[in-house]
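Below, each chain spelled out in residue letters.
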Amino acid sequence: MYLHPRLLSLAADVRWRIIISAVVGMLATAAGVARLAVAAVIIVEVVRGNATFESLTWPLVIMAVLIVARAYLQYLQEVMSHHTASLVKVKLRERLYEHSLALGPGHFDSSRTGDALMSLAEGVERLEAFFGRYLPQMIVAALAPVVIFIFMALIDFRTGLVFLAFALLTLVIPNLFHRWNRERSMARRDAYGALGADFLDAVQGLATLKAFGQSRDRGELLAERARNLFRTTMGVLAANAATGALTILGITGGAAVALGWGAVRVADGDLELRALMIVLMLGVEVFRPLRELVQLYHDGVMAMSSAEGIFAIMDSPVTVRDPERATANGPAPASTALKPEIAFENVSHAYNEGRRPALHDLSFTLHEGETLGLVGPSGAGKSTIVWLMLRFFDPQEGVVRMGGRDVRDITLEELRERVSVVTQDTYLFHGTVADNLRFGNPRATQAELEEAAPAAHQHRLADNHPQRDETEGGGRGVGGCGGPEARDG
Ligand SMILES: Nc1ncnc2c1ncn2[C@@H]1O[C@H](COP(=O)(O)OP(=O)(O)OP(=O)(O)O)[C@@H](O)[C@H]1O
Ligand SMILES: [Mg+2]
């Protein structure tokens, strides 16, 4: 079976849990093997007609105990698996969110948010099955046949060899199809990401779509995306079913060959019926972990394709960082003395190394108490000036200064605390108007809210509603005032 090396490295912290989980799985298999060996003895005794109820009492009791023990061990393995998987998920989410925060709004502005969202939410969820079940089961599936084989070989070497050969074969078969499986599930992941991204776009831009009468066209695009997802999902299922079928063929083939050959040898007096019976019974256990692994294989492949999306986010380099000094010696001392003065010195900036710069050799100084109006056509670079001030991006050339200091020497937290922005496209979060107003200052008092509401043109919205400021706002918000306005202080 194939394993994604990088995905494995994510499990480094919980490797002991996975190993313990596998050991419990092995114990469950051992209980199963013992139960079947006892069953074989009982069957042979009954077939030969020399069994009485008394002589079978103890074997039956032992069998019952083994059945209960195995069920308990399986339950234990299941519980441990889920626990391990949720630990990995929590850690992974923390790492991903931390990295996403470090990447900042600049990064997500230039990538498709819907796709990233899929990886952050659904993608991580897919890994649960991988770490919790697939991985421990894989260890069991690789080890159990070997251990059982040793036990079998003690009873009858040749039948054991047949089983071992087929067991190893079934373990190898899926590898031959791995590329095919992987391609299919990558295609499905891309289709899923595309549908997610366009769906999010459509929901957020619903008003625009309606206003321009484009909702039908968008609907058709979404339908096409959904059909594509359906097609690729069927592709994944077909690849999985084919791999599964071949594995099952190996399992059944192994049992059939062992039975046929064993029967001939019993007829020839070469093998004892009891030995054949035990070995055949054990054959069921040799393949059980493999059968379970086949069922989990689909989850494994899906997890591996989700991992690609997750790694894509993790590998995106963080371009805007806190100053070195701040990270090395803790946060830099709060510069209360930072003068509310902004200066751009020969700043040039092009997005994605574009050929036409958004800003070219821009210089200006805005002193305390001054107001500056920037006027220009759409795409002139007005917003870019504000984003550079907030360090969503760093300029490719030139320096942006606040209070005389290069903004790259001020911690991001301090910098962003000192700049307020009212964007063209205001986002209202789900919650009350008051909740939304509090984003500017979480500790604002009621009196301060009432003072701020008219400034944000929110007083009428709230006045018309019986709950006033506790009115719930929806998702994508109303348009705010045009043009960005920055206020230092
Ligand atoms: N995230 C981005 N990725 C790539 N290009 C971008 C990005 N943001 C802006 N641009 C490009 O940079 C240029 C300047 O854009 P900017 O948003 O600063 O203009 P603007 O003056 O604010 O326009 P508007 O009046 O429409 O708000 C434009 O050509 C725009 O297409
Ligand atoms: Mg703008």
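Residues numbered from 1 in each chain as written. Chains lettered and ligands numbered in written order. Predicted model: local features only at pLDDT ≥ 70, side-chain atom pairs only at ≥ 80, totals over all residues. Heavy atoms only, no water.

S.K.: Would you mind going over the overall build of the chain in detail, with residue names and values included?
M.R.: A count of helices and strands for the chain gives 15 helices and 8 strands. Buried positions account for 40% of the 489 residues belonging to the chain. Contacts in the chain between residues far apart in sequence, at least 24 positions, make up 79% of those at least 6 positions apart. Summed over its atoms, the accessible surface of the chain is roughly 26800 Å², and 61% of this surface lies on carbon and sulfur atoms. (Helix = DSSP H or I, 4+ residues; strand = E, 2+ residues; numbered from the N terminus. Buried < 20%, exposed > 50% of the residue type's maximum accessible area, 1.4 Å probe, protein only. Contact = heavy atoms within 4.5 Å. Areas by Shrake-Rupley, 256 points an atom, 1.4 Å probe, with all protein chains shown as cover.)

S.K.: Account for the site of ligand 1, with residues named and values stated.
M.R.: Residues in contact with ligand 1 amount to 14 residues; listed here are only the nearest, S378, G379, K382, S383 and T384. Measuring from an oxygen atom of ligand 1, one finds a backbone N or O atom of G379 at 2.8 Å. Residue S383 places a side-chain N or O atom 2.7 Å away from an oxygen atom belonging to ligand 1. In isolation ligand 1 exposes 640 Å². Once the protein is present, 70% of that is buried. With 3 residues, the single largest contributor to the shell around ligand 1 is helix α11 (residues 382–389). Split into classes, the residues belonging to the shell around ligand 1 amount to 4 nonpolar, 7 polar and 3 charged. (Near = heavy atom within 4 Å. Polar contact = N/O pair within 3.5 Å; in protein donor to acceptor, adjacent residues only side chain to side chain. Nonpolar A, V, L, I, M, F, W, Y, C, P; charged D, E, K, R; others polar.)

S.K.: Any details on the environment of V266? Residues and values, ideally.
M.R.: By the secondary structure assignment, V266 is in helix α8 (residues 215–267). In sequence terms V266 and L276 are 10 residues apart; their C-alpha atoms lie 7.8 Å from each other. Beyond its immediate stretch of four places on either side in the chain, V266 contacts L271, E272, L273 and L276.

S.K.: Residue-level account of α11, with values.
M.R.: Extensive coverage of α11 is indicated by the burial of 6 of its 8 residues. What α11 keeps buried is the set T384, I385, V386, W387, L388 and M389. Immediately beyond the C-terminal end of α11, within one or two residues, lies R391, with a positive phi of roughly 60 degrees.

S.K.: Go over the pattern of salt bridges with me, naming the residues and quoting the values.
M.R.: The tally for this structure, following the rule as stated, stands at 24 salt bridges. A salt bridge links D315 to R6; the shortest N-O distance between them is 2.9 Å. On the criterion of sequence distance, the pair formed by D315 in helix α9 (residues 273–315) and R6 in helix α1 (residues 5–10) is long-range, its members being 309 residues apart. In this structure, a network of salt bridges that share partners links the residues K89, R93, E125 and E128. (Salt bridge = Lys/Arg side-chain N within 4 Å of Asp/Glu carboxyl O.)

S.K.: Outline the side chain of T247, supporting the account with residue identities and numerical values.
M.R.: Relative to the elements of secondary structure, T247 occurs in helix α8. In contact with T247, not counting residues within four places along its chain, are T170, P174 and V294.

S.K.: If you had to explain the nonpolar core to someone new, which residues and values would you point to?
M.R.: Within the largest apolar cluster, 52 residues are counted, with the highest numbers of intra-cluster contacts made by L7, L92, L96, F130, F131 and Y134. Among the secondary structure elements, those contributing two or more residues to this core are α1, α2 (15–48), α3 (53–109), α4 (113–155), α5 (157–176), α8 and α9. Among the elements that line this core, the one with the most residues is α9, at 18 residues. With near-sequence residues (within four places) excluded, F131 lies in contact with L7, L10, A11, I18, A85, V88 and P136. With 21 residues, the next largest nonpolar core counts L359, F364, L366 and I385 among its residues. (Core = buried A, V, L, I, M, F, W, Y, C linked by side-chain atoms within 4.5 Å.)

S.K.: Lay out the pairing of strand β3 (residues 397–402) in plain terms, naming residues and giving numbers.
M.R.: As judged from the 5 bridges shared by strand β1 (residues 342–349) and β3, these two strands associate in the antiparallel manner. The residue bridging A343 from the neighbouring strand is R401, located in β3. Direction of pairing for β3 relative to strand β4 (residues 405–406): antiparallel, over a ladder of 2 bridges. Bridging across to β4, M402 finds its partner in R405. (Pairing = 2+ DSSP bridges.)

S.K.: Any details on the side chain of Q137? Residues and values, ideally.
M.R.: As for its placement among the helices and strands, Q137 is situated in helix α4. Here Q137 falls in the buried class, since its relative accessible area comes to 7%. Apart from the residues lying within four places of it in its own chain, the contact partners of Q137 are Q77, P289, E292, L293 and L296.

S.K.: For unusual backbone geometry, give the residues involved together with the corresponding values.
M.R.: Of note in this structure, D361 is not a glycine but carries a positive phi near 50 degrees. Structurally, D361 is set in strand β2 (residues 359–366). Judged by relative accessible area, D361 falls into the partly exposed class, the value being 44%. Positive phi outside glycine occurs at R391, with the angle close to 60 degrees. Relative to the helices and strands, R391 resides in the loop between α11 and β3.

S.K.: Describe a nonpolar patch on the surface, with residues and values.
M.R.: Among the surface-exposed residues, W16, I19, I20, V23 and L27 lie close enough to one another that they form a single nonpolar patch of about 490 Å² accessible area. Along the polypeptide, W16 turns up in helix α2. For W16, a relative accessible area of 59% gives the class exposed. (Patch = residues over 30% accessible without salt bridge, like charges linked within 9 Å, V, L, I, M, F, W, Y side chains within 5 Å.)

S.K.: If you had to explain α2 to someone new, which residues and values would you point to?
M.R.: Counted at 1.5 Å a residue, the expected span for α2 with its 34 residues is 50 Å, and the 49 Å between its end C-alpha atoms agrees. Just beyond α2, the residue with positive phi is G49, at close to 80 degrees. (Expected span 1.5 Å × (residues − 1).)

S.K.: Please set out the confidence of the model for the chain residue by residue, giving values where relevant.
M.R.: For the chain, per-residue confidence averages 82 on the pLDDT scale, and 89% of positions sit at 70 or higher. Counted against residues more than four places away or in other chains, residues 461–468, with its pLDDT under 50, gives 6 contacts. Residue range residues 473–489 is modelled with pLDDT below 50. Its contacts to residues more than four positions away, or to other chains, number 50 contacts. (pLDDT = per-residue confidence, 0-100.)

S.K.: So what's going on with the sheet that holds β1? Which residues, and what values?
M.R.: With antiparallel pairing, 4 strands are arranged side by side in an open sheet as β2-β1-β3-β4. Of all the strands in the sheet, the pair left with one neighbour each is β2 and β4. Docked against the sheet, α11 engages β1, β2 and β3, running at close to 115 degrees with respect to β1. (Axes fitted to C-alpha atoms, helices over the stretch in contact; angles between N-to-C directions.)

S.K.: Break down the packing of aromatic side chains for me, with residues and values.
M.R.: Applying the stated rule across the entire model yields 8 aromatic pairs. Considering the side-chain rings of Y72 and Y75, the 6.3 Å spacing of their centres and the 40 degrees angle between planes classify their relative orientation as tilted. Of the two residues, Y72 and Y75 both sit in helix α3, 3 residues apart, roughly one turn of that helix. Take Y72 and Y75: they sit in the same class, and that class is exposed. Joined through ring pairs, the aromatic side chains of F130, F131 and Y134 make up one cluster. Here the guanidinium or amino end of R6 rests over the ring plane of F311, the centre of that ring lying 4.1 Å away. It is R188 that lies over the ring of Y192; its NZ or CZ is 5.0 Å from the centre. (Phe/Tyr/Trp six-rings, centres within 6.5 Å; stacked < 30°, edge-to-face > 60°. Lys NZ or Arg CZ within 6 Å of the ring centre and 35° of its normal.)

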